[in-house]
Amino acid sequence: NNECIIFHFYVAGSSQVEIWYLLQAGVLLQLNKATFLRKKMITLVAAMTKNKRVIGRGGQLPWSLPDDLRHFKKLTTDKTVLMGRKTYHSIGRALAHRRNVVVSREAGFQAEGCEHVSCLQTYLESWPAEHELMVIGGGMIYQQCLPYADWVQVTLVDATIDGDAFFPPWQD
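All figures in this text were calculated on a predicted structure; none of them were measured in a lab.

**Describing the overall build of the chain**
Here is step 1 of the chain: Along the backbone of the chain there are four helices and eleven strands.
Here is step 2 of the chain: Looking at the chain residue by residue over its 172 residues, the buried ones come to 44%.
Here is step 3 of the chain: For the chain, long-range pairs separated by at least 24 residues make up 60% of all intrachain contacts whose partners lie at least 6 apart in sequence.

Below, the structure is given as structure tokens:
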């Protein structure tokens, strides 16, 4: 299998701590940031706990990390963000300065300032290579998008937190 996925781990609270990994053929290798000069296409953006990959609890983020929110804004501004319906409802609005796309199988779903997509697979397979798509959650959307991802930007939260939404495992 020649497919590979790039992971970028950002440690909340320190803009200087960035770790880059390449997952290829089930092997996770740490890489130098300079390796990544190619154009990105589909990027998963998430914050998760180190130990259990928790990304949410009760439809909300189970932490408050202002530095990470600034990092998220910097990564996603002026790009297309793709999210599930539950993530959209947890945010409560379209994100400013971004093209917002919400995935929902709910017939007639509408959200102000957002486009609606009912078939995620078709949307991902037709995504133009010259544009970057930022996938911002939740757990089911990450799981379905992971096989299409070129990059994964992860903030590791160094805390033990219980949750009900998780980032999918990327290794067997």
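**Concerning the environment of Phe-166**
Here is step 1 of the chain: Inspection of the secondary structure assignment puts Phe-166 in strand 11 (residues 165-166).
Here is step 2 of the chain: Each C-alpha atom of the pair Phe-166 and Gly-139 lies 5.4 Å from the other, and the pair is 27 residues apart in sequence.
Here is step 3 of the chain: Once residues lying within four places of it in the same chain are set aside, the contact partners of Phe-166 are Lys-52, Arg-53, Val-54, Ile-55 and Gly-139.

**Side note on the environment of Asp-158**
Here is step 1 of the chain: If you trace the backbone, Asp-158 turns up in the loop between strand 10 (151-157) and strand 11.
Here is step 2 of the chain: Along the backbone, Asp-158 and Met-48 are 110 residues apart, and their C-alpha atoms lie at a distance of 8.7 Å.

**Things to note about helix 1 (residues 66-76)**
Here is step 1 of the chain: Asp-68, His-71, Leu-75 and Thr-76 are the residues of helix 1 that are buried. Down the axis of helix 1, the sector holding all buried residues measures 115 degrees, keeping them to one side. Residues of helix 1 that are exposed and angled more than 90 degrees away from the buried face: Leu-69, Arg-70, Lys-73 and Lys-74.
Here is step 2 of the chain: Where helix 1 ends, the next residue or the one after it, Asp-78, has phi of about 65 degrees, a positive value.

**Points about the pattern of salt bridges**
Here is step 1 of the chain: Applying the stated criterion across every chain, the model contains six salt bridges.
Here is step 2 of the chain: With a shortest N-O distance of 3.4 Å, Lys-52 and Asp-162 are connected by a salt bridge. Residue Lys-52 is located in the loop between strand 4 (42-49) and strand 5 (54-56), and its partner Asp-162 is located in the loop between strand 10 and strand 11; the two are separated by 110 residues in the primary sequence.
Here is step 3 of the chain: Of the charged contacts in the structure, one is a salt bridge between Glu-132 and Lys-79, with a shortest N-O distance of 3.2 Å. Pair noted here: Glu-132 is in the loop between helix 3 (120-125) and strand 9 (133-135) and Lys-79 is in the loop between helix 1 and strand 6 (80-84), with a separation of 53 residues, a long-range link.
Here is step 4 of the chain: We classify Lys-79 as partly exposed; its relative accessible area is 25%.

**Observations concerning the packing of aromatic side chains**
Here is step 1 of the chain: Tallied over the entire structure, the rule returns three aromatic pairs.
Here is step 2 of the chain: A centroid spacing of 5.7 Å and a plane angle of 45 degrees characterise the contact between Tyr-123 and Trp-127, whose relative ring orientation is tilted.
Here is step 3 of the chain: Trp-127 gets classed as buried once you look at its relative accessible area, which sits at 13%.

**Concerning the pairing of strand 10**
Here is step 1 of the chain: Within strand 10, seven of the seven residues are buried, leaving the element largely enclosed by the surrounding structure.
Here is step 2 of the chain: What you see with strand 10 is no split at all: Trp-151, Gln-153, Thr-155 and Val-157 on one side and Val-152, Val-154 and Leu-156 on the other are buried throughout.

**Notes on the side chain of Thr-76**
Here is step 1 of the chain: Within the fold, Thr-76 resides in helix 1.
Here is step 2 of the chain: A distance of 2.9 Å separates the side chain of Thr-76 from the backbone oxygen of Phe-72, its partner in a polar contact.
Here is step 3 of the chain: Every residue in contact with Thr-76, bar those within four places of it in the chain, is listed here: Val-81, Arg-98, Met-134 and Ile-136.

Reading guide: rules and limits
Residues numbered from 1 in each chain as written. Predicted model: local features only at pLDDT ≥ 70, side-chain atom pairs only at ≥ 80, totals over all residues. Heavy atoms only, no water. Helix = DSSP H or I, 4+ residues; strand = E, 2+ residues; numbered from the N terminus. Buried < 20%, exposed > 50% of the residue type's maximum accessible area, 1.4 Å probe, protein only. Contact = heavy atoms within 4.5 Å. Arc of directions from axis to C-beta. Salt bridge = Lys/Arg side-chain N within 4 Å of Asp/Glu carboxyl O. Phe/Tyr/Trp six-rings, centres within 6.5 Å; stacked < 30°, edge-to-face > 60°. Polar contact = N/O pair within 3.5 Å; in protein donor to acceptor, adjacent residues only side chain to side chain.

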